[in-house]
Amino acid sequence: MSVLLKMELSKLWRLTSVRFGLLVLVLFPVLWAYAPGIFEVYGFFLVSGYQVPALGLLSSMQFLLPLLTAITAAELLGIEIANGTLPTVLLRPITRPNWLAAKLVAAAAYPFAMLTVFLLASLVAGAQFGFGTFVGGTGLGEAGLLGTGAMTPGGALAELLRGYVLAALALVPIAMLAVMFTVVFMNAAGGALATLATLIFMQLLVVFPRLERFLLTTQLNAYSLPTSDLSWVVALIFLYAALFAAVAVVLFERKDF
């Protein structure tokens, strides 16, 4: 299984969607670090390099990052189907569940790799503002960008790491959902589009207050929640991820090739 997982992780970095997505995430923070009209639009000035990662995450978590996650997770399986290599791969002495499980683990690892690159690129883009003690907040703490006083570099970095880890975790169910839909349609484009359509539909369901806290799209805000509210959200994220992964494995096992 470890050899199979290494193979899938190596395939991940060769995907076109990964290369394009990481390029976007490297360039995107420059928008916030050098945009001249931030005060006119948002009503505040950037005073620290630790605030750039927060702006990047706040502006991309609802659409851009889920989009990149869904496309890459779908392509990870879809490329085997498009190239006609899937039947050949399954002739090897491996079971279908093991093979798909390796794909699912690679897809789940991608949001963490993606957010790591995003955080590092954001910090580099914000280097012009410095990384010393500053008055304000990082934007990912309970006090937002205004803060409650002086913020130390250690405290700021801790808030950023916490926020980015939670954001990556919230994207994992989306990756599992994309793999599941790709198994259903046996097509990467169909899997990615079905995932995005599901997320858009869930966003419309906020008009039902009792459903809102259970929606997958609601969990995308996990990075901004106080610690006291995280246990429920993290449990729901793991439940969604496990459910989508299990359904993908069961459906894949029953497919005819």
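To start, this report covers the structure provided alongside it. (Residues numbered from 1 in each chain as written. Predicted model: local features only at pLDDT ≥ 70, side-chain atom pairs only at ≥ 80, totals over all residues. Heavy atoms only, no water.)

Side note on the overall build of the protein chain
Phase 1: Regarding its fold elements, the protein chain presents eleven helices and two strands.
Phase 2: Listing every helix and strand of the protein chain by position from the N terminus yields α-α-α-α-α-α-α-β-β-α-α-α-α.
Phase 3: Taken against the 2.2 N^0.38 rule, which gives 18 Å for 257 residues, the C-alpha radius of gyration of the protein chain at 20 Å falls within 12% of a compact globule.
Phase 4: Each of the three principal axes of the protein chain carries a C-alpha extent, and together these read 60 × 40 × 30 Å.
Phase 5: Restricting to contacts in the protein chain with at least 6 residues of sequence separation, those with at least 24 account for 73%.
Phase 6: The distance from the centre of the 12 positive side-chain charges to the centre of the 10 negative ones in the protein chain is 11 Å. (Helix = DSSP H or I, 4+ residues; strand = E, 2+ residues; numbered from the N terminus. Rg over C-alpha atoms; globule rule 2.2 N^0.38 Å. Contact = heavy atoms within 4.5 Å. Lys, Arg positive; Asp, Glu negative; His and termini not counted. Charge placed at Lys NZ, Arg CZ, Asp CG, Glu CD.)

Observations regarding the packing of aromatic side chains
Phase 1: This structure, assessed with the given rule, holds eight aromatic pairs.
Phase 2: Between F181 and F185, the ring centres sit 6.3 Å apart and the planes meet at 25°, which makes this aromatic pair stacked. Of the two residues, F181 and F185 are both situated in helix α8 (residues 153-185); the distance of four residues between them amounts to about one turn of the helix.
Phase 3: Classification of F185 by relative accessible area gives partly exposed; the value is 47%.
Phase 4: Judged by centre distance (5.7 Å) and plane angle (25°), the ring pair of Y240 and F244 falls under stacked. Placement of the pair is Y240 and F244 together in helix α11 (residues 230-253), with a separation of four residues, close to one helical turn.
Phase 5: Here F244 falls in the buried class, since its relative accessible area comes to 9%.
Phase 6: Its guanidinium or amino end placed over the ring of F252, R96 lies 5.9 Å from that ring's centre, counting from NZ or CZ. (Phe/Tyr/Trp six-rings, centres within 6.5 Å; stacked < 30°, edge-to-face > 60°. Buried < 20%, exposed > 50% of the residue type's maximum accessible area, 1.4 Å probe, protein only. Lys NZ or Arg CZ within 6 Å of the ring centre and 35° of its normal.)

Focus on the pattern of salt bridges
Phase 1: For the structure on display, the rule yields four salt bridges.
Phase 2: Residues E8 and K11 are paired through a salt bridge, measuring 3.6 Å at the closest nitrogen-oxygen approach. Residue E8 and its partner K11 are both found in helix α1 (residues 2-12); the two are separated by three residues, about one turn of the helix. Considered together, E8 and K11 belong to a single accessibility category, that of buried residues. (Salt bridge = Lys/Arg side-chain N within 4 Å of Asp/Glu carboxyl O.)

Quick word on the environment of S224
Phase 1: As for its position among the elements, S224 is in the loop between α10 (209-212) and α11.
Phase 2: Distance in space between the C-alpha atoms of S224 and A167 is 9.0 Å, their sequence separation being 57 residues.

Here's the deal with the nonpolar core
Across soluble globular proteins, nonpolar side chains have a tendency to be buried as a group.
Phase 1: Residues L57, M61, L65, L115 and M176 are the most contacted members of the largest nonpolar core, which totals 85 residues.
Phase 2: Within the residue set of this core, elements represented by two or more residues are α1, α2 (16-34), α4 (52-60), α5 (64-82), α7 (96-125), α8, α9 (188-204) and α11.
Phase 3: Examining the composition of this core, we find that 19 residues originate from one element, α8, more than from any other.
Phase 4: Beyond its immediate stretch of four places on either side in the chain, L57 contacts L65, L115, F118, L140, G163, Y164, A167 and Y223. (Core = buried A, V, L, I, M, F, W, Y, C linked by side-chain atoms within 4.5 Å.)

Interpretation note: all reported values are geometric properties and have no functional meaning in isolation.
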